[in-house]
2 protein chains.
Amino acid sequence: MMKNKGLKIIPIGGSGEIGKNMIAYEYNENILVVDAGMMFPENDMLGIDYIIPDMNYLLERRQQVKGIVITHGHEDHIGAIRHVIEEFNVPIYTTRLTRGLLEVKLTRQNLVDLADLHTVMAGDSITVGPFNIEFFHVCHSIPDSVGLGIDTPEGLVVHSGDFKFDQTPVDNWPSDFNKLVDFSNRGVLALLADSTNSITSGWTASERKLDKALDDLLGNAKGRVIIASFASLISRMQQVVNAGMKHGRKVAFAGTSMVENAKMGVKLGYLNLPDSVHVSLENALNLPPSKVLIMCTGSQGEPTSILGRLSTGRYKLFDIQEGDTVVLSSHTIPGNEESVSGTINRLFQRGADVIYEDVAPVHVSGHASEEELKLLLNLVKPKFLIPIHGELRHLHQLSHIAQNVGIPKENIAVVENGHIIEFHNEKMGIGDRIPGSYIFVDGLGVGDIGPSVIREREQLSRAGIVIINVVVDKHSGEPLYNPSISSYGFISQEESDILMSRLEKVVIDSVRKINDDQEKKIRKAVISFLHDETHRRPMVFVSISKI
Amino acid sequence: MMKNKGLKIIPIGGSGEIGKNMIAYEYNENILVVDAGMMFPENDMLGIDYIIPDMNYLLERRQQVKGIVITHGHEDHIGAIRHVIEEFNVPIYTTRLTRGLLEVKLTRQNLVDLADLHTVMAGDSITVGPFNIEFFHVCHSIPDSVGLGIDTPEGLVVHSGDFKFDQTPVDNWPSDFNKLVDFSNRGVLALLADSTNSITSGWTASERKLDKALDDLLGNAKGRVIIASFASLISRMQQVVNAGMKHGRKVAFAGTSMVENAKMGVKLGYLNLPDSVHVSLENALNLPPSKVLIMCTGSQGEPTSILGRLSTGRYKLFDIQEGDTVVLSSHTIPGNEESVSGTINRLFQRGADVIYEDVAPVHVSGHASEEELKLLLNLVKPKFLIPIHGELRHLHQLSHIAQNVGIPKENIAVVENGHIIEFHNEKMGIGDRIPGSYIFVDGLGVGDIGPSVIREREQLSRAGIVIINVVVDKHSGEPLYNPSISSYGFISQEESDILMSRLEKVVIDSVRKINDDQEKKIRKAVISFLHDETHRRPMVFVSISKI
């Protein structure tokens, strides 16, 4: 609708959650980037390590990118930072704890010197190009999270970030309601609001609720207690430490990232961890079981995490023993359900009692539920609403909620990643969709693997492979030796021998019968034979050496 | 503990849910089999169609198997029937609707003549070897479900089957409380109880609750309404038909299994489907949208189901259009979360409003929650408890619940599949574990694929494959031609060319350098080169033709 005029807001990424990992604000050839996160691959993205947003739109406008703001320190908001700083030499603004987490991460990757990090505090304002950005405090499942008031030449935009309205947060610092009212008094053009939990009715429970659950749990547990959570959950660490102190247990951390984050949290003053309660893991393992509280990673059932290895008996420092209580203090990320419940079952198998979200209140969500979202809308009173941070179904649900609160449907932009939302003269329009999607990271390769390679991997995994080599006389086309045939992932060894010797005949026959296009025709004959025999379709690779 | 003496109860299957698909009752060389179900493969069981219990223990005692009882008509209780009747020529006892569903299934497989089916009714008794079996009615999410009172020489065993205590079921036939009390008056040795929902507190909602949700939904919908559910949910069909009649909509069924089951349900009297409301799908599509109610399969997001194809625009009979309301009247089976939410998002993308369990009460569970389980325990008053039908974590949770109700921990057997639970002289012991696990079915192959083949498929899918063929002089070992190299699922075509030409040099060099064990050493050199270059580890297949 408006070429190079007005304000553009672009959620950047592929299918999946919208604007979760990165959002661009663009005005008059000036671009502000909010967040630089990664996604974990879905179950069918075979072999992929992680996924980052496609930054091509920004790379084509490299000189226009003026700065980056990170709202909080979770992986889905900071996990792509190394790929960003390798491309853009611009200031990155974060709060202290978020910066601490970034520095721990970048130091491990030997990249910390590349990042132009600037510390801001909730309440501060900065200027990036034509944007004046006010940081305001929000509660989330990690301390020092912020939302943004972005003053643009087209009007004030409020960006909620990941948030909840916890009235009794662990750090006693509620979300900044005053600032939200201040914004609405000034008049808000548009609100970008976290829709992650829009399908949950009511009000998300306070983190404080966990204190009671931990208290009950430690009061009842006779043996060691092992609590798994995310390495970045500094406030959860504090709650565990407090509960440990109350119940006379020593607290140890297991897992590099958790140990490093705890150290950083102490250093920056976000974690109060007295020497009288903190012990090393080795020391903890020498204490009586009733005195031990261990916090570790692995609440998503990741096979290589501490909890994952404990569940399979492959953690070298200790084993689960009868009488242990294991707590998964976390919500299962969609897609991880099978690995989490498998981990829980295996821990039971090893004799532990296992406590998890479904059976006790050992986790609360970090995102606002329906009533909080309504309050946000009523406090901010935006003219336009852009639901973000959820899948399409969550965005639609927030749209329903907002319509109930009184925002007209035509003032709500439910869009997918890549759509340009344009504002000019207090009007909103949906512009073009920028090309690009998510970028797969696999080993050293960033973006060299696309859907076609994934599709090939999926084909390989469906029924395995059969590899056939034939050496033929280049003049007569006659096979000179018996073909070499091997299979992998197709059939078990015992069943294979008879089938393969019959297949050998099929190959020899088809080599003899045909002269042109031999490889293709042999492949076809083999596929047809194997399908008749097994009803399976392995990938068949034929190579002919003509000598 | 007791060789060939006493009663043995054996849940048969692999890891996963315990006794869900099949349980054997054995006394003095007489075996009664309860249920013959299948499991859907987990996400990491690549290429597998479905899974059945390992019947080896029964096959080794073929003459001892005296009869099979099926508790209800869901796939996880009847899905392996074709494999059972191919092996055992014994009577199969089911209620009428379950028999109808079995016959629809076996007729499609041309196997119906092989099955020795016998109809029983709740209230009936039959004798199978030393067992006297009384069938009693239970509510579940499918009509005509039964539990079993199995009178054995060691005492009375109550087998709950899948059940809930719906007080206002759609067919007005509550679970048979009287019979449960009758059992407890006679004295119950052991109870096998459905623990599927043991981690859910409270009382499972009545199926009747859906009537209100459907009423609201049809009252509000302006366009077509499309309701997806399982093909076997005859009572859900009835609720949809009733709601359609009330709101003046014609009802059509889409999908072969749904159409066939509806027809069978009408024929047997389980579905009241007046001609005035029932239309064919073609006719429905010619009616005004506000008059149309379509029921179809695909509530688990299966890509080839009707709803799966509607979500990707690949259903040939019609497309989703703006104004359609799509309802997923189902619970997402663990492991299907990603495909279900993907389907929902794609339906939104196509312009439908989508209603699902999280946003409206369009589904209720078919399994008893905590308070119902307590009631079951208090009604039946068993001496011993064997939690079944859940994962290990659900069994442990039911054990917790039962201990609260007063059953001593040592009288509760939380075991995995394959463990023999033995009863003799009113004592319970855990005996040996029978070998075997689940059997994978892939195409025509039943059990020819084990974990090692699955592991190979997983390896293939992780980083793809590289195939190398070298023709060498059999005397000098020198390569005679350039090696042929191809890859699949490893790297995209654009990136591949340079890497592969460099790889060619690596292969030629390593062929020249070595004389013994060439294939293995070339493979090693290739793996090392590719890992240095990409940090990936594709499977490398080397074949050398010596001429």
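Everything numeric here is computed off the predicted structure, so don't read it as measured data.

Visitor: Tell me about the overall build of chain A, residues and numbers included.
Guide: A count of helices and strands for chain A gives 16 helices and 25 strands. Once the C-alpha set of chain A is aligned to its principal axes, its extents read approximately 90 × 70 × 45 Å. Among the 547 residues that make up chain A, the fraction classed as buried is 54%. The contacts in chain A between residues at least 6 apart in sequence include a share of 71% that link residues at least 24 apart.

Visitor: So what about the interface of chain B and chain A? Which residues, and what values?
Guide: Of the residues lining the interface, 58 residues belong to chain B; the matching set on chain A comes to 57 residues. Elements with a minimum of two residues in the side of chain B that touches chain A: helix 11 (337-349), helix 13 (392-405), helix 14 (451-463), strand 23 (465-472), strand 24 (484-488) and strand 25 (539-546) of chain B. With nine residues, the single largest contributor to the side of chain B that touches chain A is helix 14 of chain B.

Visitor: Break down the relation of the copies chain B and chain A for me, citing the residues and quoting the values.
Guide: Once chain B is rotated about the relating axis by 180° and shifted along it by 0.1 Å, it coincides with chain A to within an RMSD of 0.1 Å. Taken together, these values place the two copies in the relation of a two-fold axis. No C-alpha of chain B approaches the rotation axis more nearly than that of Ser461 of chain B, which lies at 2.6 Å. The share of interface residues of chain B whose copies in chain A are also at the interface is 98%, consistent with both copies meeting through the same surface.

Visitor: So what's going on with unusual backbone geometry? Residues and values would help.
Guide: Look at Glu29 of chain A: it is not a glycine, yet its phi comes out positive at around 65°. Tracing the backbone shows Glu29 of chain A in the loop between strand 2 (23-27) and strand 3 (30-34). With a phi angle near 50°, Asn425 of chain B is a residue other than glycine that sits in the positive phi range. Within the secondary structure layout, Asn425 of chain B lies in the loop between strand 19 (419-424) and strand 20 (427-433).

Visitor: Break down the pairing of strand 16 (residues 325-328) of chain B for me, with residues and values.
Guide: All names here are of chain B. Of the two faces of strand 16, the one carrying Thr325 and Val327 and the one carrying Val326 and Leu328 are both buried. When strand 16 meets strand 17 (residues 353-356), the two strands line up parallel, connected through four bridges. Of the residues in strand 17, the one forming a bridge with Thr325 is Asp353. A crossover connection joins strand 16 to the parallel strand 17 through helix 11; in handedness this β-α-β unit is right-handed.

Visitor: How would you summarise the sheet that holds strand 3 of chain A if you had to cite specific residues and measurements?
Guide: Residue and element names in this part refer to chain A. Spatially, 7-6-5-3-2-1-19-20 is the arrangement adopted by the eight strands of the open sheet, whose pairing is mixed. Each edge of the open sheet carries a strand with a single partner, namely strand 7 (117-119) and strand 20 (427-433). Here the strands of the sheet are splayed against their neighbours by 25° on average, with no regard to which way each runs. When strand 6 (residues 92-94) meets strand 7, the two strands line up parallel, connected through three bridges. From the neighbouring strand, Tyr93 faces strand 7, where its bridge partner is His118.

Visitor: Tell me about the domain arrangement of chain A, and please be specific about residues and values.
Guide: Domain annotation for chain A reports domain 1 (7-203 + 365-446), domain 2 (209-356) and domain 3 (464-546). Domain 1 of chain A and domain 3 of chain A are separated by 54 Å when their C-alpha centres are compared.

Visitor: Mind laying out helix 5 (residues 177-186) of chain B, listing which residues take part and the relevant values?
Guide: Residue and element names in this part refer to chain B. Turning to helix 5, its buried residues number three or more, namely Lys179, Leu180 and Phe183. All buried residues of helix 5 fall inside an arc of 105° around its axis, so they share one side. Those residues of helix 5 that are exposed and angled more than 90 degrees off the buried face are Asn178 and Asn185. Contacts made by the buried residues of helix 5 are with strand 9 (131-138), strand 10 (145-152), strand 11 (155-159), strand 12 (188-194) and helix 12 (370-380).

Visitor: Any chance you could break down helix 11 of chain B for me, citing the residues and the numbers?
Guide: Over its 13 residues, helix 11 of chain B extends 18 Å from the first C-alpha to the last, a length consistent with the 18 Å expected when each residue adds 1.5 Å. The buried fraction of helix 11 of chain B is high, at 11 of 13 residues. Of all the residues in helix 11 of chain B, the buried ones are Glu337, Ser339, Val340, Ser341, Gly342, Thr343, Ile344, Asn345, Arg346, Leu347 and Phe348 of chain B. For helix 11 of chain B, the elements touching its buried residues are helix 11 (337-349) and helix 13 (392-405) of chain A together with helix 10 (306-311), strand 16 and strand 17 of chain B. Gly351 of chain B lies just past helix 11 of chain B and shows a positive phi near 105°.

Visitor: Give me the sheet that holds strand 11 of chain B: which residues, what numbers.
Guide: All names here are of chain B. With respect to topology, six strands assemble into an open sheet ordered 8-9-10-11-12-18, the strand pairing being mixed. Every other strand in the sheet has two partners, leaving strand 8 (125-128) and strand 18 (382-388) as the edge strands with one partner each. Along the sheet, successive strands turn relative to each other by an average axial angle of 20°, direction set aside. In the packing of helix 5 onto the sheet, contacts are made with strand 9, strand 10, strand 11 and strand 12, and the angle to strand 11 comes to roughly 155°. The sheet strands contacting helix 12 are strand 11, strand 12 and strand 18, and the helix crosses strand 12 at an angle near 165°.

Visitor: A description of the nonpolar core should follow, citing residues and the corresponding values.
Guide: With 332 residues, the main nonpolar core has Val33, Ile465 and Ile468 of chain A together with Val33, Val327, Ile465 and Ile468 of chain B as its most contacted residues. When neighbours within four sequence positions are excluded, Ile468 of chain A is seen to be in contact with Pro483, Ile485, Val507, Ile522, Val526, Val540, Phe541 and Val542 of chain A.

Visitor: Which residues make up the environment of Phe165 of chain B, and what are the values?
Guide: Topologically, Phe165 of chain B is positioned in the loop between strand 11 and helix 5. In sequence terms Phe165 of chain B and Gly436 of chain B are 271 residues apart; their C-alpha atoms lie 35 Å from each other.

Visitor: Run through the pairing of strand 18 (residues 382-388) of chain A, naming residues and quoting values.
Guide: Residues and elements named next belong to chain A. Most of strand 18 sits out of view: six of its seven residues are buried. Examined bridge by bridge, strand 12 (residues 188-194) and strand 18 share six bridges and lie parallel to one another. Counted as the bridge partner of Leu191 is Leu385 from strand 18.

Basis of the calculations
- Residues numbered from 1 in each chain as written.
- Chains lettered and ligands numbered in written order.
- Predicted model: local features only at pLDDT ≥ 70, side-chain atom pairs only at ≥ 80, totals over all residues.
- Helix = DSSP H or I, 4+ residues; strand = E, 2+ residues; numbered from the N terminus.
- Buried ≥ 20, exposed ≤ 12 C-beta atoms within 10 Å, placed from the backbone.
- Contact = placed C-beta atoms within 7 Å.
- Least-squares fit on C-alpha atoms with pLDDT ≥ 70 in both.
- Pairing = 2+ DSSP bridges.
- Right-handed = clockwise from strand over helix to strand, strands pointing away.
- Axes fitted to C-alpha atoms, helices over the stretch in contact; angles between N-to-C directions.
- Domains from an automatic or database assignment.
- Arc of directions from axis to C-beta.
- Expected span 1.5 Å × (residues − 1).
- Core = buried A, V, L, I, M, F, W, Y, C linked by C-beta atoms within 7 Å.

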